[in-house]
Amino acid sequence: MSAIQTDTYHLFGILVRFIARNPDTGGAFSLVEATTAPGAGAPPNRHPADDESFYVLEGRYEFMIEGEKRVATPGTFVKVPPGAVHAFTNIDDKPSRMLIINMPGKVHDAFFSQAGDPMPPGTRELPPQTGEPPDIQRLVDVGRRNGVELFVAESVGR
């Protein structure tokens, strides 16, 4: 079975749509739009080879960076220091959206495309929740191969 060619993936209750991948920007960065289900988000993780920043478009997120928590609302820019352990959760009662910038982006391009469930190109709506927990070991292994260290528990996956 061949892989679906797409720009959109679903992982951890987050719909990740690539706006620009690393090769599209001459190797400078990748840019994604992330739509996050209520209560969902990225588990604690770190990736020394990719710099990461977030810009909230809609809703409310709680970010955790090196143990410090902060709430981000539309118009908030959040910068993660290189290699810092960080996470985010949608704390709104409806889907929230943000832009994620990764520099140079190779790590995230590879991780999202290998770990996420491929969605039809251009998908904008979150898929229905299946109630199936993610395969944590597979996600940890994909992360390890791509320079992303995940600090996950069996309860991840909402």
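Residues numbered from 1 in each chain as written. Predicted model: local features only at pLDDT ≥ 70, side-chain atom pairs only at ≥ 80, totals over all residues. Heavy atoms only, no water.

### Focus: the confidence of the model for the chain
- Mean pLDDT over the chain works out to 91, with 94% of the residues at or above the 70 mark.
- Across residues 154-158, confidence stays below pLDDT 50; counting only partners more than four residues off in sequence or on other chains, it has 10 contacts. (pLDDT = per-residue confidence, 0-100. Contact = heavy atoms within 4.5 Å.)

### Things to note about helix α2 (residues 136-146)
- Taken together, the buried positions of α2 are occupied by Ile136, Leu139, Val140, Val142, Gly143 and Asn146. Take α2 and look down its axis: the buried residues cluster within an arc of 165°, on one side only. Seen from the open side of α2, the exposed residues pointing more than 90 degrees away from its buried face are Arg144 and Arg145.
- Just downstream of α2 lies glycine 147, where phi reads positive at about 85°. (Buried < 20%, exposed > 50% of the residue type's maximum accessible area, 1.4 Å probe, protein only. Helix = DSSP H or I, 4+ residues; strand = E, 2+ residues; numbered from the N terminus. Arc of directions from axis to C-beta.)

### Looking at the packing of helix α1 (residues 106-115) against α2
- Between α1 and α2, whose axes approach to 9 Å, the crossing angle comes to 155°. The angle between α1 and α2 places the two elements in the roughly antiparallel class. Of the two possible hands of crossing, α1 and α2 adopt the one that is right-handed. Taking contact as the criterion, the partners of Val107, Ala110, Phe111, Gln114 and Ala115 in α1 are, on α2, Arg138, Leu139, Val142, Gly143, Arg145 and Asn146.
- Residue composition of the contact of α1 with α2, grouped by class: 6 nonpolar, 3 polar and 2 charged. (Axes fitted to C-alpha atoms, helices over the stretch in contact; angles between N-to-C directions. Parallel < 35°, antiparallel > 145°, perpendicular 65-115°, else oblique. Left-handed = near helix turned anticlockwise from the far one by under 90°. Nonpolar A, V, L, I, M, F, W, Y, C, P; charged D, E, K, R; others polar.)

### Points about the sheet that holds strand β8 (residues 77-80)
- Taken together, the 7 strands give an open sheet; going across it, the order is β8-β5-β10-β3-β2-β1-β11, and neighbouring strands pair in antiparallel fashion. Each having just a single partner strand, β8 and β11 (117-118) make up the two edges of the open sheet.
- Pairing geometry for strand β2 (residues 14-20) and strand β3 (residues 30-36), over 6 bridges, is antiparallel. What sits directly across from phenylalanine 18, in β3, is valine 32.
- Where α1 meets the sheet, its contacts fall on β1 (8-11), β2, β3, β5 (51-58), β10 (96-103) and β11, and the angle it forms with β1 comes to roughly 70°. (Pairing = 2+ DSSP bridges.)

### Concerning unusual backbone geometry
- Residue proline 104 is reached from methionine 103 by a cis peptide bond, and omega for that bond is 0°.
- You can see proline 104 is positioned in the loop between β10 and α1.
- Phi is positive for phenylalanine 12, which is not a glycine, with a value near 60°.
- Assignment of secondary structure puts phenylalanine 12 in the loop between β1 and β2.
- Backbone geometry at glutamate 66 places phi at a positive 50°, although glycine is not the residue there.
- Looking at the secondary structure, you find glutamate 66 in the loop between β6 (61-65) and β7 (68-72).

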